[in-house]
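The residues making up each chain are set out below.
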Amino acid sequence: PNCSHITYFCLQTRWLDKNEDDGQIVRELVPAGESPMLKSEFSLEKKKKKKKDVSYHISVKTGDVPGASSDSKVFIKLYGEKADSSKEPLLVSDNDLGNYFERGRVDEFTLDMMDIGKINRILIGHDNVGLRSGWFLASVQIAVPVQGRQYMFPCNRWLDKDEADGRVEVEVYPSEILPIEKLINYEVSVVTGDVRAAGTNAKVFMQIYGETGKTELMTLENRSNNFERGATDIFKKEAADVGKIYKIRIGHDGTGIGDGWFLESVTLKRL
C-alpha cells in the first residue's frame with residue numbers, strides 16, 4: 001500500500017505476424033524486471049505534474065420531446081467533497097455519434113481530472129449559441145470506477161432562454177449513488193520496433209494476470225495513430241486490481257492491411 005511498481009516486459013523484439021517468425025499474433029510475456037517507486041517519489045511526481053489521475057465517465061441523455069436537440073456547446077462542473085472542477089466542455093464523445101445532444105440519445109464522455117472525492121452536485125449547461133440552442137436535458141450519469149461509485153442525476157427540464165424559467169444552466173443533486181466494481185489505474189507503455197513494416201493498423205488488446213486473478217481483455221487505443229514504426233504509445237487503463245503481476249497476454253486481431261506488428265517491449269505501471 002505504500003509503494004507502486006513499474007513492471008517491464010521484454011519480448012526480445014518479436015513479430016506478431018501470421019507471415020513472419022512463428023506466425024503467432026498473440027503472445028504471453030513474463031516480467032523482465034520490476035522497479036518499486038516509493039510513495040514519496042510518486043507524491044513528488046504528482047506535485048510537479050499535477051496529474052489528472054481519475055477518470056469520470058459521463059453519460060448525458062437528451063430528452064425525447066419535440067425540439068429537444070441542441071447545437072450549443074455543453075459544459076459540466078463537478079462539486080466534490082475534496083475539491084471542485086472547473087467548467088469542463090463536453091467536446092469529444094467516446095461513442096462518437098456525430099452530432100451531439102440529439103433528441104432521445106445518450107452521449108458519452110470521459111474527463112480525466114484530479115480526485116475531487118465524492119461528488120455532491122453538478123452544474124451543467126450550454127453557451128446558448130447556434131440556430132437550435134435550446135436543449136431538453138433528461139439526465140446525467142457519472143461513473144467513477146476508482147471510487148467504485150455511479151451517480152445518477154435526473155433533470156428532465158429545458159435549458160432554453162425561451163422555455164420554462166429561461167435558464168441555460170442548472171445545478172443538479174444526485175438522486176442515487178450506486179456501488180459498481182472498483183478498479184485501479186494502470187499505465188501501459190508499448191514500444192513498436194524500428195524495422196521495416198513494424199507498425200500495425202490491427203486492433204491491439206492486452207490482458208493482465210496477477211496473484212489474485214486476471215483483468216478483462218483491454219483494447220489499447222486512443223485518438224492517436226498508434227503502433228507506428230519506432231513509436232512509444234502510452235495508454236491509461238482502468239481494470240481490476242490483480243495484485244502482484246506475473247504475466248501479460250498481448251496481441252492483435254489480425255485485421256486490416258499491414259496487420260503484422262513488430263513489438264519491442266511493454267512497460268506496465270500500476271498507479
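Position labels on residues start from 1 in each chain and follow its written sequence. Under the rules for a predicted model, residues below a pLDDT of 70 receive no local features and side-chain atom pairs below 80 are neither given nor counted, while totals for whole chains, interfaces and linings still include all residues. Water and hydrogen atoms were dropped before computing side-chain values, which therefore reflect all heavy atoms in the structure.

**Student:** What's the story with the overall build of the protein chain in this structure? I'm lost.
**Tutor:** Counting its regular elements, the protein chain contains one helix and 19 strands. The classification of residues rests on relative accessible area computed with a 1.4 Å probe and restricted to protein chains. Under 20% of the type maximum is buried, over 50% is exposed, and intermediate values are partly exposed. Evaluated residue by residue, the protein chain yields a buried proportion of 46% over its 271 residues. Contacts are assigned to residue pairs that have any heavy atoms within 4.5 Å of one another. The contacts of the protein chain with a sequence gap of at least 6 include a subset with a gap of at least 24, amounting to 74%. Here the Shrake-Rupley method, with its probe set to 1.4 Å, supplies the accessible areas, and only the displayed protein chains count as covering residues. Accessible area of the protein chain: about 14200 Å², with a carbon and sulfur share of 48%. Per the convention used, a helix needs a DSSP run of H or I reaching at least four residues, while a strand needs a run of E reaching at least two, with both numbered from the N terminus.

**Student:** Got a minute to help me understand the sheet that holds strand 4 (residues 54–62) in this structure?
**Tutor:** Strand pairs in the sheet, formed through backbone hydrogen bonds, run parallel or antiparallel to each other. The pairing criterion is simple: DSSP has to find at least two bridges between the two strands. Strand order in the open sheet formed by five strands is 7-4-9-10-12, and the pairing between neighbours is antiparallel. On the outer flanks of this sheet lie strand 7 (106–113) and strand 12 (176–179), each paired with one strand and no other. The mean inter-strand angle of the sheet, taken between neighbouring strand axes irrespective of direction, is 20 degrees. Across eight bridges, the pairing between strand 4 and strand 7 is antiparallel. Looking across to strand 7, one finds that V54 is bridged to M113. Axis angles are defined between N-to-C directions and span 0 to 180 degrees, where every axis is a line fitted to C-alpha atoms and, for a helix, only to the segment in contact.

**Student:** Before we go on, may I ask you to explain the nonpolar core in this structure?
**Tutor:** One recurring pattern in soluble globular proteins: nonpolar side chains tend to sit buried together. What we call a nonpolar core is a set of buried Ala, Val, Leu, Ile, Met, Phe, Trp, Tyr and Cys residues that are connected through their side-chain atoms within 4.5 Å. Among the nonpolar cores identified, the biggest contains 30 residues, and Y56, I76, L78, I119, I122, V140 and I142 are the most heavily contacted of them. Where this core is concerned, the elements lending two or more residues are strand 4, strand 5 (74–80), strand 7, strand 8 (119–126), strand 9 (135–144), strand 10 (149–159) and strand 11 (169–172). Considering every element that reaches this core, the biggest residue donor is strand 9, with five residues. Membership of the second largest hydrophobic core comes to 22 residues, among which are M218, F227, I245 and L268.

**Student:** What's the story with unusual backbone geometry in this structure? I'm lost.
**Tutor:** Of all residues except glycine, most have a negative phi; of all peptide bonds, most are trans. Residues other than glycine seldom take positive phi values, yet N156 does so here, at roughly 50 degrees. Note on placement: N156 falls in strand 10. The phi dihedral of A164 falls on the positive side, at around 50 degrees, and the residue is not glycine. Take A164: it is sitting in the loop between strand 10 and strand 11.

**Student:** Explanation requested: the side chain of K237 in the structure shown.
**Tutor:** On the secondary structure map, K237 appears in strand 17 (residues 232–239). We call two N or O atoms a polar contact when they sit within 3.5 Å, provided that within protein one can donate a hydrogen and the other can accept it, with sequence-adjacent residues counted only if both atoms are side-chain atoms. Engagement of the side chain of K237 in a polar contact is seen with the backbone oxygen of T219, the distance being 2.8 Å. When residues no more than four places from it in sequence are discounted, the contact partners of K237 are I184, N185, Y186, V188, M218, T219 and L220.

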